[in-house]
Amino acid sequence: MSAFRRATGWGVAAAIVAVSLSAGPAFAEAAAPAPAPASAPAPASASAPAPTDLATGVTHAQNPSVPEAAAWTEHYFPSSAPSNNGDPVELHADVLRPAGLAPDAKTPVIMSIGPYFSHSGMNSDTHPLHTGPSGRFTDLIDGAKLMERGYTFVYVDLRGFGGSTGCTDWLGTGEQADVVSAIEWAAAQPWSTGSVGLYGKSYDGSTGLAGINEQPEALKAVVAQEPAWSGYDYLVTNEVPRTNQVDTPLAYIDIAALPGVDHAYQQDGYDIPADTTRYLENAAYEKTHPECAETLKTGALAIDRASDFWVDRDAPSHVDGSTVPLMFTQGLTEQNTKPEGMQRYLANHAGEQRGWLGPWDHVRGNEVDAEGRLQMGRAGWFDEVTAFYDAHLVEQTTEIATGFVIQDNFGQWRVQETWGTTAKTAVVPLQPGRYLDTGRGMVDGDDDGGDGDGGDGDGGGEPGANPSPNPLLAFADGEDVDAPTSTDDSLGVLSVSHPVRADTRLTGTPAVELHTQGAGNASIQLWDVAPDRANAVTINSTVAKLSADGVTHFTMLGTDWTLKAGHRLAVTVGTIDWGYWVPEPSDAEVVVTGGSVSIAVEATTADVATEGARAPYLDEYLRYFTSDKPFPDSPETFTLSAALGTDATTVATGSSFVVRGAGYDPGAPVALTWQGEPLAVSTTDATGAFTATVPVSASAAPGVATVTAVAEDGGTSSLEVAVVAAVVPVGSGSVPASLAATGLPAEGAWTTVTGAGLALLAGLALALLRQRRSQPTVG
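Examining the overall build of the chain
Counting secondary structure elements, the chain contains 14 helices and 37 strands. Every one of the 779 residues in the chain was classed for burial, and the buried ones make up 59%. Counted over contacts in the chain with a minimum sequence separation of 6, partners at least 24 positions apart contribute 77%. Surface summary for the chain: the accessible area is close to 28,200 Å², and the carbon and sulfur share equals 54%.

Here we look at the nonpolar core
Generally speaking, a soluble globular protein has its nonpolar side chains buried in company with each other. By size, the foremost hydrophobic cluster in this structure holds 95 residues, and its most contacted members are Met111 and Tyr199. Setting aside residues up to four positions removed in sequence, Tyr199 forms contacts with Ile110, Met111, Ser112, Phe137, Leu140, Asp204, Val223, Gln225, Trp381, Phe382, Val385 and Tyr389. Counting residues in hydrophobic clusters, the runner-up holds 38 residues, among them Val493, Leu506, Ile539 and Tyr621.

Details of the pairing of strand β18 (residues 521-529)
Burial runs high along β18: nine of the nine residues are buried. As paired strands, β18 and strand β19 (residues 536-545) are joined by nine bridges and run antiparallel to one another. Its bridge partner lying in β19, Ser523 is registered against Val543. As paired elements, β18 and strand β22 (residues 568-574) share seven bridges and run antiparallel to each other. Bridge pairing links Asp528 to Leu569 in β22.

A look at the packing of helix α6 (residues 244-256) against helix α8 (residues 291-300)
Two elements in contact, α6 and α8, have axes separated by 9 Å at closest approach and are oriented at 155°. It follows that α6 is roughly antiparallel to α8 by the angle criterion. Every pair of crossing elements has a handedness; the one defined by α6 and α8 is right-handed. Across from Gln245, Pro249, Leu250 and Ile253 in α6, the residues of α8 making contact are Ala293, Leu296, Lys297 and Ala300.

What about the pattern of salt bridges?
By the definition in use, this model includes 25 salt bridges. Across the pair Asp503 and Lys564 runs a salt bridge, and its minimum N-O distance is 3.2 Å. A residue pair is termed long-range when its members are at least 10 positions apart, and Asp503 in the loop between β16 (493-497) and β17 (504-517) and Lys564 in the loop between β21 (559-563) and β22 qualify at 61 residues. Given a relative accessible area of 24%, Asp503 falls into the partly exposed group. Looking at Lys564, the relative accessible area reads 36%, which means it is partly exposed. Of the charged contacts, one joins Asp619 and Arg614 as a salt bridge, the two residues approaching to 2.8 Å between their closest N and O atoms.

Some details on the packing of aromatic side chains
On inspection of all chains with the given rule, the structure shows 27 aromatic pairs. Between Phe117 and Tyr155, the aromatic rings sit 4.8 Å apart at their centres with planes inclined by 50°, giving tilted as the arrangement. Placement of Phe117 in the loop between β4 (107-114) and α2 (138-143) and of Tyr155 in strand β5 (residues 152-157) is noted, with a sequence separation of 38 residues between them. Here the two residues Phe117 and Tyr155 agree in accessibility, since each one is buried. Aromatic side chains Trp229 and Phe328 sit 5.5 Å apart centroid to centroid with 85° between the ring planes, which places their arrangement in the edge-to-face category. Residue Trp229 is found in the loop between β7 (219-225) and α5 (231-235), and its partner Phe328 is found in strand β10 (residues 326-331); the two are separated by 99 residues along the sequence. Assessed through its relative accessible area of 2%, Trp229 is described here as buried.

Concerning the side chain of Thr333
With respect to the helices and strands, the residue Thr333 is situated in the loop between β10 and α10 (342-348). The buried category is assigned to Thr333, whose relative accessible area is 7%.

Quick word on the state of the cysteines
Enumeration over the complete set of coordinates arrives at one disulfide. Each sulfur in the disulfide pair Cys167 and Cys292 lies 1.9 Å from the other. The sign of the S-S torsion, about -60°, decides the handedness of the disulfide formed by Cys167 and Cys292: left-handed. Here Cys167, found in the loop between β5 and α3 (173-188), pairs with Cys292, found in helix α8; they are 125 residues apart in sequence, far enough to count as distant.

Quick word on the sheet that holds β18
Judged by pairing direction, the sheet is mixed, and its five strands sit side by side in the order β19-β18-β22-β16-β25 without closing on themselves. With one partner strand each, in any of the chains shown, β19 and β25 (636-638) form the two edges of the open sheet. Within the sheet, the average angular offset between the axes of one strand and its neighbour, ignoring direction, is 30°. Pairing between β16 and β22: four bridges, direction antiparallel. Paired with Ser495 across the bridge in β22 is Val571.

Re the side chain of Gln343
Note on placement: Gln343 falls in helix α10. Side-chain polar atoms of Gln343 contact the backbone oxygen of Gly420, separated by 2.5 Å. A polar contact of 2.8 Å, which involves the side chain of Gln343, links it to the side chain of Thr509. Ignoring any residue separated from it by four or fewer positions in sequence, one finds Gln343 in contact with Trp419, Gly420, Thr421, Gly508 and Thr509.

A closer look at the sheet that holds β4
Strand order in the open sheet formed by 12 strands is β1-β2-β3-β5-β4-β6-β7-β10-β11-β12-β13-β24, and the pairing between neighbours is mixed. Both outer strands of the open sheet, β1 (58-59) and β24 (608-609), are each paired with one neighbouring strand and no more. Against the sheet, helix α4 (residues 203-214) engages β4, β6 (192-201), β7 and β10, with an angle of about 135° to β6.

Structural notes on α4
With 12 residues, α4 should cover 16 Å at 1.5 Å per step; its first-to-last C-alpha distance of 17 Å lies within 8% of that length. Among the 12 residues that make up α4, 11 are buried, leaving the element largely enclosed by the rest of the structure. All buried positions along α4 are accounted for by Tyr203, Asp204, Gly205, Ser206, Thr207, Gly208, Leu209, Ala210, Gly211, Ile212 and Asn213. Downstream of α4 by a residue or two, Gln215 has a phi angle that is positive, lying close to 40°.

Re a nonpolar patch on the surface
A grouping of Val246, Leu250 and Leu301 is seen on the molecular surface, where their side chains present a nonpolar patch of about 240 Å² in accessible area. Take Val246: it is sitting in helix α6. Owing to a relative accessible area of 44%, Val246 belongs among the partly exposed residues under this scheme.

Notes on unusual backbone geometry
Here Ala69, not a glycine, exhibits a phi torsion of approximately 75°, which is positive. Mapped onto the secondary structure, Ala69 falls in the loop between β1 and β2 (70-78). Residue Ala69 is classed as partly exposed on the basis of its relative accessible area of 36%.

Conventions used here
Residues numbered from 1 in each chain as written. Predicted model: local features only at pLDDT ≥ 70, side-chain atom pairs only at ≥ 80, totals over all residues. Heavy atoms only, no water. Helix = DSSP H or I, 4+ residues; strand = E, 2+ residues; numbered from the N terminus. Buried < 20%, exposed > 50% of the residue type's maximum accessible area, 1.4 Å probe, protein only. Contact = heavy atoms within 4.5 Å. Areas by Shrake-Rupley, 256 points an atom, 1.4 Å probe, with all protein chains shown as cover. Core = buried A, V, L, I, M, F, W, Y, C linked by side-chain atoms within 4.5 Å. Pairing = 2+ DSSP bridges. Axes fitted to C-alpha atoms, helices over the stretch in contact; angles between N-to-C directions. Parallel < 35°, antiparallel > 145°, perpendicular 65-115°, else oblique. Left-handed = near helix turned anticlockwise from the far one by under 90°. Salt bridge = Lys/Arg side-chain N within 4 Å of Asp/Glu carboxyl O. Phe/Tyr/Trp six-rings, centres within 6.5 Å; stacked < 30°, edge-to-face > 60°. Disulfide = S-S within 2.5 Å. Polar contact = N/O pair within 3.5 Å; in protein donor to acceptor, adjacent residues only side chain to side chain. Expected span 1.5 Å × (residues − 1). Patch = residues over 30% accessible without salt bridge, like charges linked within 9 Å, V, L, I, M, F, W, Y side chains within 5 Å.

Here it is, written out as structure tokens:
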């Protein structure tokens, strides 16, 4: 047969990422360049104005790098933790306050903490005409009208970057201490209300996660766009190094060496001084301390997730139930900061969560492409961000307003309370087979994967946004004369489902248990196979070094993909002959004796639509990740279980809720039970779907309860909901029945319930459901 490369799609994007990351920093983007001074109007006076004292603030009229309506000052303060070479660390901040505001007028503070705010450029020395604050988040400052709304915005340079001293730490304990020090410093300033929010994208989105983990008292809310959820997963995948494991640390070492601006600018009506001596000396710190680079390079070479270096940088394991509210975005088709460790982080986080998820690449919520189309497809990013900050920094609400808006692989948006927490888990059995671990075909300098110049709309070498054609998509007959021998010569060991009977969503984070004999590596991919097998789309993928004991456990990427009725799910296991990894092949036969992929599935019948357009990148993804050769005609070996869904994840005692089923046999009986008690038998319609009402007794105990559906063939599906005490009338107010029994006065009880009490009830329900995420129901 024709060679059917695993490189389909993933090889394309991986090649681009590998090339881009070797040429620039990890999860970086370029800020818009500062406006040229010549474009600003000249002052009325014939002579240049006198330099403005930084203590009073520099305005846009005096320095065009300063956003309009803002006044810029610079500040220095210590970090609470020394550098890893023992030196004390001094941090630098650029502060932007509403112009004309009194120096002691108090405002809430929105802050970004990261490596990209040097006065001489974001990730390289752009040789600017003059100094000035970074323009990285001018889009937020102007688009959300932060100055007009009475916010202060602060850029803080992490240790080793910009005007800060110390050794760069790449999200380690030193940088985590910097985050806390910056928040506490801002909260203590005479111009601050003491309420601080963090904002960022990518690296400075990840420092927001660090803030949540440390949860200093002044931190009230975090907005993180496309963060790296775990440092390890960005450089290593299950003990298989990525091509950027060396280049990414080197890129940040280069960023840490950016010099600042050592010259004044005195023309076009401007009199802009150079950076201060203090700033320039701090900026030179890494150049005069070569041990900084060596420490980072050595630590990043570890491939064991349990090493001290990576344990310190594993954000999901350090959340510890933090309640700091989080608003985030995550491209589920990201080619840069992928959804690795995301669900683990969200499960360990106990605070409010608001998320935008969908099929986009490494872009911002407000970003548009060259045609003016929103890259995520949904309008209102700044409106949602400012409402989020207003609620938590200004009003300091105690309400929990968790919710997710999600775009699927058809470009359709829905809204739901949680994501990836369905109790229905399908366990896909893996078929036995064998392959040779040759590692042939992995991306190297000969692959036409792009030149690293693809951007996300504002330049700077964002990987994956503009992939170049890849010759691997040609599937030329005979191109792999030495391809490994396995169940399928080019795909590896195949496991293929029967066609799904109804639209079936795969969601959450698939977990793999792989049973093998022999040493080496494995790649595993999930495919959406068309009804006629004419083509297939890669929908998830990862790799792992095989465990010496023959049983290897690992997780895949977070996913949200709907298989249309009639489509099949396929799983392939084979050698790592695609992608952007640098494995050490064993060149030996690997025998797959079995194993499984556990993946959450859910029906789409309860979807609640919301506004939003199709992300432009979705079509690009489908173009590059869809095969142009028929999928192998291998036997169908498993059935994806039917699924249950509901739009009521929290129900009150004495009420009822509707459960919907899909994917069953048409016209067949389905036996329902609620907490083990039988309900009326439902009969599916012609599409294999049914709807049933589940009553909740007034005497039901609060907690997590289960409704179970058993099909005619014995297949079982389960769904969990959180039961909370109902609010019943007592006197002139209302209280939960459980509180009424205590004899509390109605007025006092009403105050309790309508204030923190309701938030507590909602929070307890949410916590109960999250607690169960790590214990999925299998059936």
